[in-house]
Structures are given as C-alpha cells and as structure tokens.
Amino acid sequence: MLSATTINSALRLALDEDAPWGDITGETFIPATASATAKLSAREAGVLAGIDVFARAFTLVDPSVDVDLTSADGNAFAAGDTLATVSGPARAVLRAERIALNFCQRMSGIATQTRAFVDAASSNSAGTNTDGRGVRIVDTRKTTPGLRAFEKHAVVCGGGHNHRFGLSDAVMVKDNHLAVLAGEGADVAAAIRSARDRLSHTTTIEVEVDRLAQIQAVLDGGADIIMLDNFSLAALRAGVELIAGRAIVEASGNVSLETVGDIAATGVDVISSGALTHSVRAIDLGLDLDLTAEVGGVESDSSVGLS
C-alpha cells in the first residue's frame, strides 16, 4: 500500500511546500562545506512508524546524505532511545529535517495510539470472539486527505488492521444508502442479492445497521459483513448471537480506549475506530545535530537540538 512511488510523491509535495524557492536561511547562514551528523531521538515512549519515509526525505534532498536506521517500523521505543542517525551536507540535513520529522512523528502517533487500542481490546480476557480468534482493531476512511496510505501503514505498524482503503475496494452499504433504498421502496434483502449478482465473486458486501430489527433482512440478503453501529453493549451481544457466525460482525461507534475492551468482550469480530487516525497526537521526536564546518581553514563544532 505504501509504495516508493507514493512516498516520493508525497515527500516532493511537502518539500516543495516548505521551500518552494530554496531554504534561504540555510543557504545564507550555513557554509556550503559544512557537514552534519544528526540523531533521531525519542523524547517520549511510543511505537515507531514511518522510519523509511523519514530516511527518504533526506535522500530526496541530497542523495549523498546517509541515514543509518537503528530501529524499524512496529518497534516500541522508550524516551531517550536513538532511532536513526543522519549524516551528510549540513544544508541538506537542515532542509529536510522538518518534513522528515512531520511524517515520522504523526505516523508514530498513529502507531502508538493503535497499539494502545489493541492492548486494551485484548486485556482482561476481552478481545476473543465466538470463533476463538482475537478481535481485530481496524481503521476507517477518516484520514488526512492525501496521506491515507501513510496513516493506514501506521495503523498496521501499531498492530491494527486496515478497513477498505477507499470506495473502490469493497461494497459498504451505510445508513444513507439504506435511506435512499427505503425512499425508492426497495427491499433490502433483494437489493443485496441483486448487487451480488452484478459484482465479482471476489468483492465483499458489508452492510451497516443501527438497530437489531434490521439484521435479519441483511442476513437474508447474504451480506458478508454486518456493521453494528452505535449499539449498546447488550445490543452488541444480542447481535452477535443473532448473526451466529453467518457473517463477520463489526462494531463501530463510541469506540475509545475506555470502551474498546468491553466492546471486544461482546464477541464481535472487528472493531473499527476513526480515532486511530483522525484525532491522534504526534509523538515527540527530535533531531539533534552536531555540525562541523570549515571556516577560514579552522574546524568549528556545535550542537543544535531541533524538534
């Protein structure tokens, strides 16, 4: 999903946005001969995501920059850990550092948030559905426009799973679709069966319901996945019992770190939450630089902390 082409395209846009006519500060104050060694340091604990994106930001600015990765996506880290070391022309390192940090900090925030949800869902014997498998924590389409591939990659780094990437991936009949069908006088079960006849055999059909009374018609239509939206815990348990393994059961709505464990304990197969991506806090990472420049034939050393 997060291909080299996608990474390069997003980074080029971000770099062009940040310095459309060059970095006038670096080009004015930093000697062209200056080199820099910088360490990516964690200022708080978290789960890493986007480290390859971080590295690529520097090499896009200048291929001669070397980035030594000391951790990998999906790894937990503690405050004070060094996650990567960057070395090369100082102007290039300074030019790329904010863009590199922006991506890695946000992606690591998503991964950290996701890991917390996964841990909460599996704690206290929660997170086991009726088939004995662990419940899946999945994301939604509530992502930053243009950055969906990065944010969904970060969810996976945190131990979560991806819902459909976009509208082209799977059929998902939501409340507004059902309202249109009702307005047209259509029968839900018949509409699902008709859609199945027109779709590829590899395409899944998910239908969202907001009350127990809607489930039977969706089952009769042969939906692959039934989303129970904003159900109480008691209603979730009743829905799982009614569906009885005939479709994958997804719970959505009112999902938080405080509620996800109880939701998982109802026996649902999947819990989806937009909070994994839409309201996440970036993890505090910093880039600490040691600059060495030859000025008038004399080397001068300095340390600069950037975040």
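What counts and how
- Residues numbered from 1 in each chain as written.
- Predicted model: local features only at pLDDT ≥ 70, side-chain atom pairs only at ≥ 80, totals over all residues.
- Heavy atoms only, no water.
- UniProt positions renumbered as here; feature names shortened; annotations may be inferred.
- Helix = DSSP H or I, 4+ residues; strand = E, 2+ residues; numbered from the N terminus.
- Areas by Shrake-Rupley, 256 points an atom, 1.4 Å probe, with all protein chains shown as cover.
- Buried < 20%, exposed > 50% of the residue type's maximum accessible area, 1.4 Å probe, protein only.
- Right-handed = clockwise from strand over helix to strand, strands pointing away.
- Axes fitted to C-alpha atoms, helices over the stretch in contact; angles between N-to-C directions.
- Parallel < 35°, antiparallel > 145°, perpendicular 65-115°, else oblique.
- Left-handed = near helix turned anticlockwise from the far one by under 90°.
- Contact = heavy atoms within 4.5 Å.
- Nonpolar A, V, L, I, M, F, W, Y, C, P; charged D, E, K, R; others polar.
- Domains from an automatic or database assignment.
- Buried area = accessible area lost by both parts, 1.4 Å probe.
- Salt bridge = Lys/Arg side-chain N within 4 Å of Asp/Glu carboxyl O.
- Polar contact = N/O pair within 3.5 Å; in protein donor to acceptor, adjacent residues only side chain to side chain.
- Pairing = 2+ DSSP bridges.
- Phe/Tyr/Trp six-rings, centres within 6.5 Å; stacked < 30°, edge-to-face > 60°.
- Lys NZ or Arg CZ within 6 Å of the ring centre and 35° of its normal.

Under an unreviewed UniProt entry, the protein has the name Nicotinate-nucleotide pyrophosphorylase [carboxylating] and belongs to Brevibacterium aurantiacum. Under the heading Sequence similarities (unreviewed entry), UniProt records this for the protein: "Belongs to the NadC/ModD family." Under the Function (unreviewed entry) heading, UniProt states for the protein: "Involved in the catabolism of quinolinic acid (QA)."

Bringing the overall build of the protein into the picture now. Each helix and strand in the protein was counted, giving 10 helices and 13 strands. Judged by the C-alpha coordinates and their principal axes, the protein covers about 80 × 40 × 25 Å. Looking at the protein as shown, the accessible area adds up to about 14600 Å², and 51% of this sits on carbon and sulfur atoms.

Within strand β8 (residues 205–209), 5 of the 5 residues are buried, which leaves it mostly tucked inside the rest of the structure. The two faces of β8 match: I205, V207 and V209 on one face and E206 and E208 on the other face are all buried. Crossover β8 to strand β9 (residues 225–229) through helix α8 (residues 215–221) is right-handed.

Turning our attention to the packing of helix α4 (residues 90–122) against helix α5 (residues 148–157). The packing of two helices is summarised by the inter-axis angle and the distance between the axes. Put simply, α4 and α5 touch, their axes get as near as 7 Å, and they point 45° apart. Our classification of the angle between α4 and α5 gives oblique. α5 is crossed by α4, and the crossing has right-handed handedness. Two secondary-structure elements touch here, α4 through F103, R106, M107, I110, A111, T114 and R115 and α5 through F150, E151, H153, A154, V155 and C157. Taken together, the residues that form the contact of α4 with α5 break down as 8 nonpolar, 2 polar and 3 charged.

Here the domain parsing of the protein yields domain 1 (4–113 + 282–290) and domain 2 (115–278). When each unit is reduced to the centre of its C-alpha atoms, the spacing between domain 1 and domain 2 is 36 Å. Across the boundary between the two partners, domain 1 contributes 16 residues, which contact 17 residues of domain 2. With both sides pooled, the region where domain 1 packs onto domain 2 buries about 1300 Å², and carbon together with sulfur makes up 64% of that total. Its largest share of buried area at the contact with domain 2, domain 1 owes to R106, I110 and Q113, together 44% of the area lost on that side. Across the contact surface, domain 1 and domain 2 share 1 salt bridge. Of the charged contacts in the structure, one is a salt bridge between R106 and E151, with a shortest N-O distance of 2.9 Å. There are 12 residue pairs in polar contact (both at pLDDT 80 or more) connecting domain 1 and domain 2. For the side of domain 1 that touches domain 2, the secondary structure elements donating two or more residues are α1 (4–18) and α4.

Next up on the list: the sheet that holds strand β11 (residues 270–272). Strand order in the open sheet made by the 6 strands is β6-β11-β10-β9-β8-β7, with parallel pairing throughout. Bordering the open sheet on either side are β6 (136–138) and β7 (171–173), each of which pairs with just one other strand. Taking each pair of neighbouring strands and ignoring which way they run, the sheet shows an average axis angle of 25°. Two elements, β8 and β9, share 4 bridges in a ladder whose sense is parallel. Each bridged residue has a counterpart across the sheet, and for E208 the counterpart in β9 is M227. Against the sheet, helix α9 (residues 233–243) makes contact with β9 and β10 (248–252), and its axis sits at roughly 160° relative to β9, the strand it touches most.

Per the counting criterion, the structure on display carries 2 aromatic pairs. For the pair F54 and F58, a centre-to-centre distance of 5.1 Å together with 65° between the ring planes defines the contact as edge-to-face. Of this pair, F54 and F58 both sit in helix α3 (residues 51–61), separated by 4 residues, roughly a single helical turn. A centroid spacing of 5.2 Å and a plane angle of 50° characterise the contact between F103 and F150, whose relative ring orientation is tilted. Taken together, the residues span a long stretch of sequence, with F103 in helix α4 and F150 in helix α5 at a distance of 47 residues. Exposure class is identical for F103 and F150. Each is buried. Over the ring of F165 we find R148; its NZ or CZ atom is 6.0 Å from the centre of that ring.

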